[in-house]
Amino acid sequence: MVTVSNLSMNAVEYKSIKDFNYDDFCDWIWISANYTPFMSLVRKNGCDYADGGFASMVPIEEAIKRGARTVDVIILETEVAHFSRLPSTNSFALMSCMHEYMADRIEKQNIRIDKFVARKHNAILNLYYTPTVLTTNSLIFDKKQMARWWESGFNHAKSQELKIDKVV
């Protein structure tokens, strides 16, 4: 299941692998992570689509509506903010900072609402945060750094005695 933002219809949509062939679902996976305006806008089925996080950063409520009774959420930031953003020195930096700020607010609001929804439906909601700040710029993709983050998160989860299986 992935979440996408239909900008043309001003709506959030949830796409299940059960409803699409492999190639179409791969498109929806790409769209669900399409962080516009920093990545290209995607046009599919006559509509403009972007990252599902613009509408539903953590789609816990949808998972519960579809029958989930235990939901594990891995949040790629620390539970409490440990940094201040640097001053914006140009328009791109300002736009990036504002984008990150709005995404952070949406995520926190989603989680508060989803905790209420989980309680209302007697569902178990497990939230897992990273032990350290991973990055202050989510638009930088460094394969080696990302592998180190993954390893750090895996080791942190093991140290917390969480039931995890290593997935590669």
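Quick look at the structure, then. Since we're looking at a predicted model, the values are computed, not measured. (Residues numbered from 1 in each chain as written. Predicted model: local features only at pLDDT ≥ 70, side-chain atom pairs only at ≥ 80, totals over all residues. Heavy atoms only, no water.)

### Overview of the pattern of salt bridges
Pairing between side chains of opposite charge can happen when their charged atoms approach one another. Considering all chains together, one arrives at 6 salt bridges under this definition. Note that Asp 24 and Lys 44 form a salt bridge whose closest N and O atoms lie 3.0 Å from each other. Pair noted here: Asp 24 is in helix α1 (residues 22-32) and Lys 44 is in strand β3 (residues 42-44), with a separation of 20 residues, a long-range link. According to the relative accessible area criterion, Lys 44 is buried, its value standing at 11%. One salt-bridge network, in which partners are shared between bridges, spans Asp 24, Asp 27 and Lys 44. (Salt bridge = Lys/Arg side-chain N within 4 Å of Asp/Glu carboxyl O. Helix = DSSP H or I, 4+ residues; strand = E, 2+ residues; numbered from the N terminus. Buried < 20%, exposed > 50% of the residue type's maximum accessible area, 1.4 Å probe, protein only.)

### A short note on the packing of aromatic side chains
Applying the stated criterion across every chain yields a total of 3 aromatic pairs. Relative to Tyr 49, the ring of Trp 28 lies with its centre 4.9 Å away and its plane at 80°, an arrangement referred to as edge-to-face. One end of the pair, Trp 28, is in helix α1; the other, Tyr 49, is in strand β4 (residues 47-51), and 21 residues separate them in sequence. A residue is classified by how much of its surface remains accessible, and Tyr 49, at 4% relative accessible area, is buried. (Phe/Tyr/Trp six-rings, centres within 6.5 Å; stacked < 30°, edge-to-face > 60°.)

### What about the sheet that holds β4?
Taken together, the 4 strands give an open sheet; going across it, the order is β2-β1-β4-β3, and neighbouring strands pair in antiparallel fashion. Edge positions in the sheet fall to β2 (11-15) and β3, since each has one partner strand and no second. When the angles between neighbouring strand axes are averaged without regard to direction, this sheet yields 45°. As judged from the 3 bridges shared by β3 and β4, these two strands associate in the antiparallel manner. Across the sheet, Arg 43 pairs through a bridge with Asp 48, a residue of β4. In the packing of α1 onto the sheet, the strands contacted are β1 (2-6), β2, β3 and β4, and the crossing angle to β1 comes to about 70°. (Pairing = 2+ DSSP bridges. Axes fitted to C-alpha atoms, helices over the stretch in contact; angles between N-to-C directions. Contact = heavy atoms within 4.5 Å.)

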